[in-house]
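Spelled out from the first residue to the last, the chains are:
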Amino acid sequence: KKLCVKAAKEHSIPKDLNKVLENKVMETVLDLSYVKLSVLEMTCSGDADREGIVSKSVSSHSDLIPGVYEGGLKIWECTFDLMDYFSEAEIEFTNKTVLDLGCGAGLLGIVALRGKADRVHFQDYNSTVIDEITLPNVVANCINEGRRMGSGKDRKASKPPSKRPRKAEGLPDVLNRCRFFSGEWSQVSQLLLSSTKPFSKYDIILTSETIYNPDYYSALHDTLAQLLDKNGCVYLASKVHYFGVGGGIYLFEKFIEEKNVFRTSMVKTIDQGLQRCIMEIAFKDSC
């Protein structure tokens, strides 16, 4: 099948962060702020929805329109599985370079930032998702942390955050550690690898619910192979099977085995509801 190739672009962080948070109503989950989708669906139109994904998703009652909208407006449950796993396995982000691939709301990357990652890059297929959801979420979490992203363990309990994010004054240092990209995976890889900006490969790549469609496996595998540091590690969270689209964790595992580039291990299985797994991926010759 010929896949739609959406060109990659880097999204600059606006100087006026209040513009990023304008008209955004935030909710919180696990101490993280995120844009309330039902409000976004009512307010996001015109220039803010140039791709038309918000209106198309609402009118077709679909969380997925292949090649048009790839699910980034919604926070999928495997994201929370992966966040739980970071705590349980005490995954260390300090001084690491991290990519949140297929980031959607960007919660995984935000957790890495809180864990004092050196750099965190966010990628989603849709530019609307980056501008209207990912960037506002990262900004809101920077501000709500009092412009300090620590480990989160030593923060004193405070009153619940207000629905409206606080005003942003200046660019929090933590945002200087972030870059934001939209476009199809192979295009984003190309953009990064051919850029004049300095680029070092990622120590950790985080990705959740990105293997639902087997048509995308080759592009995903190549992207991981091109962008992961030789001793880096991928944490991938997925349902065991995606009904209707046909992908799933064991199918992707088999695909990886056949390519013979990476080794994989299932580090966690979650049995509540639809069975889900977390897979760790590293180069076969890594130490």
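Everything numeric in this text was worked out from a predicted model, so none of it was measured. (Residues numbered from 1 in each chain as written. Predicted model: local features only at pLDDT ≥ 70, side-chain atom pairs only at ≥ 80, totals over all residues. Heavy atoms only, no water.)

### Looking at helix H3 (residues 53–60)
For step 1, the next point in the chain: Buried within H3 are the following residues: Ile-53, Val-54 and Ser-57. Here the buried residues of H3 occupy an arc of 105° about the axis, which is enough to place them on one side. (Buried < 20%, exposed > 50% of the residue type's maximum accessible area, 1.4 Å probe, protein only. Helix = DSSP H or I, 4+ residues; strand = E, 2+ residues; numbered from the N terminus. Arc of directions from axis to C-beta.)

### Quick notes on the packing of helix H8 (residues 217–227) against helix H9 (residues 249–259)
For step 1, the next point in the chain: In the contact formed by H8 and H9, the axes pass within 11 Å of each other and the chain directions differ by 60°. Relative to H9, the element H8 is oriented oblique. Crossing handedness for the pair H8 and H9: right-handed. Mapping the contact onto sequence places Tyr-217, Ser-218, Leu-220 and His-221 in H8 and Leu-251, Phe-252, Phe-255, Ile-256 and Lys-259 in H9.
For step 2, the next point in the chain: Partitioning the contact of H8 with H9 into residue classes produces 6 nonpolar, 2 polar and 1 charged. (Axes fitted to C-alpha atoms, helices over the stretch in contact; angles between N-to-C directions. Parallel < 35°, antiparallel > 145°, perpendicular 65-115°, else oblique. Left-handed = near helix turned anticlockwise from the far one by under 90°. Contact = heavy atoms within 4.5 Å. Nonpolar A, V, L, I, M, F, W, Y, C, P; charged D, E, K, R; others polar.)

### A short note on unusual backbone geometry
For step 1, the next point in the chain: If you check the backbone angles, Glu-90 has positive phi at about 50° while not being a glycine.
For step 2, the next point in the chain: Mapped onto the elements, Glu-90 comes out in the loop between helix H4 (77–88) and strand E4 (97–101).
For step 3, the next point in the chain: Classification of Glu-90 as exposed rests on a relative accessible area of 65%.
For step 4, the next point in the chain: With phi around 55°, Glu-209 is a residue other than glycine that occupies positive phi space.

### Let's talk about the pattern of salt bridges
For step 1, the next point in the chain: Using the criterion set out here, one finds 12 salt bridges in the structure.
For step 2, the next point in the chain: The closest approach of N and O atoms between Glu-77 and Lys-239, which form a salt bridge, is 3.6 Å. Of the two residues, Glu-77 sits in helix H4 while Lys-239 sits in strand E8 (residues 228–239), which places them 162 residues apart along the sequence.
For step 3, the next point in the chain: Given the relative accessible area of 8%, Lys-239 is considered buried.
For step 4, the next point in the chain: Between Arg-276 and Glu-77 there is a salt bridge, with the nearest N and O atoms lying 3.6 Å from each other. One end of the pair, Arg-276, is in strand E10 (residues 276–283); the other, Glu-77, is in helix H4, with 199 residues separating them in the sequence.
For step 5, the next point in the chain: By relative accessible area, Glu-77 is classed as partly exposed at 35%. (Salt bridge = Lys/Arg side-chain N within 4 Å of Asp/Glu carboxyl O.)

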